[in-house]
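# Breakdown of the fold
What follows is each chain in one-letter form.
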Amino acid sequence: MPDLRDLYQEVILEHSKAPRNFHALAQANQKAEGFNPLCGDHFTVYMTTAGDSIQDIAFQGSGCAISKASASMMTQAVKGKSKAEAKELFDTFHKLVTTGESNGDREDLGKLAVFSGVSEFPVRVKCATLAWHTLQAALEGKQEKVSTE
Ligand code: ZN
């Protein structure tokens, strides 16, 4: 069994303690709310988009270290990207956290690659992907709250 401590690598701990883009976005034109009832993670993702581009993104809420760090790093990863690029990155990230593999796209993932250890802990996959599912709902303009269950 892998050591649970390996999952909480330094970068994850650091982001969970000092999350980036952790605030509401008054000018947001797209937002969505996501909930992981299994763990109690609960976030709102705010976005300012112009055409196909994600100009600004932020989040608020509370959750475990994994979910918060993942949300923090997600906002950094997709800010300035196109909606299609963000969706592609989610697909790559989702594959990484569910299988530990990334199609050789680790360079695209950058720091997000630290979440590969999550694949060893299926219950944590929902924590790691919550912010991404919420991002997708915001991009699609879904009104209902996203739930991982
Ligand atoms: Zn969690």
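Everything below is about the structure shown above.
Residues numbered from 1 in each chain as written. Predicted model: local features only at pLDDT ≥ 70, side-chain atom pairs only at ≥ 80, totals over all residues. Heavy atoms only, no water.

## Brief notes about the coordination of the zinc ion
Each pair of donors in an ideal octahedron of six around a metal sits at 90 or 180 degrees, and each pair in an ideal tetrahedron of four sits at 109.5 degrees. Protein coordination at the zinc ion: the donors are C39 (SG), D41 (OD), D41 (OD), C64 (SG) and C127 (SG), at 2.2 to 2.6 Å from the metal. Mapped onto the sequence, the residues coordinating the zinc ion show the spacing C-x1-D-x22-C-x62-C. With D41 in strand 2 (residues 41-50) and C127 in helix 6 (residues 122-140), this residue pair connects regions lying 86 residues apart in the sequence. For the pair D41 and C127, one class covers both residues: buried. (Donors = N, O, S within 2.8 Å, 3.2 Å for Na, K, Ca; no water. Helix = DSSP H or I, 4+ residues; strand = E, 2+ residues; numbered from the N terminus. Buried < 20%, exposed > 50% of the residue type's maximum accessible area, 1.4 Å probe, protein only.)

## Some details on the pairing of strand 1 (residues 30-36)
The side-chain alternation of strand 1 yields one buried face, formed by Q30, A32, G34 and N36, and one unburied face, formed by K31, E33 and F35. One ladder, built from seven bridges, connects strand 1 with strand 2; its direction is antiparallel. Pairing of A32 across the sheet is with V45, part of strand 2. Connecting strand 1 to the antiparallel partner strand 2 that follows it, the hairpin turn spans four residues, and G40 within it adopts a positive phi of roughly 95 degrees. Across two bridges, the pairing between strand 1 and strand 4 (residues 146-147) is parallel. Bridge assignment links F35 to a residue of strand 4, and that residue is S147. (Pairing = 2+ DSSP bridges.)

## So, the packing of helix 4 (residues 83-99) against helix 6
Interhelical geometry of helix 4 versus helix 6 gives an angle of 160 degrees and a closest axis separation of 10 Å. Accordingly, the angle class assigned to the pair helix 4 and helix 6 is roughly antiparallel. In this structure, the crossing between helix 4 and helix 6 has a hand that is left-handed. Taking contact as the criterion, the partners of K83, A86, K87, L89, F90, F93, H94, V97 and T98 in helix 4 are, on helix 6, V125, A128, T129, W132, H133, L135, Q136 and L139. Along the lines of polarity and charge, the residues of the contact of helix 4 with helix 6 split into 10 nonpolar, five polar and two charged. (Axes fitted to C-alpha atoms, helices over the stretch in contact; angles between N-to-C directions. Parallel < 35°, antiparallel > 145°, perpendicular 65-115°, else oblique. Left-handed = near helix turned anticlockwise from the far one by under 90°. Contact = heavy atoms within 4.5 Å. Nonpolar A, V, L, I, M, F, W, Y, C, P; charged D, E, K, R; others polar.)

## Looking at the pattern of salt bridges
Scanning the model with the defined rule gives six salt bridges in all. Close ionic contact of R20 with E14 constitutes a salt bridge, the shortest N to O distance being 2.9 Å. The closest approach of N and O atoms between E149 and K126, which form a salt bridge, is 2.8 Å. In this pair, E149 sits in the segment after strand 4 while K126 sits in helix 6, placing the two residues 23 residues apart along the sequence. Overall, E149 belongs to the exposed group, its relative accessible area being 55%. (Salt bridge = Lys/Arg side-chain N within 4 Å of Asp/Glu carboxyl O.)

It is worth stressing that arrangement in space is one thing and function is another; only the former is reported here.
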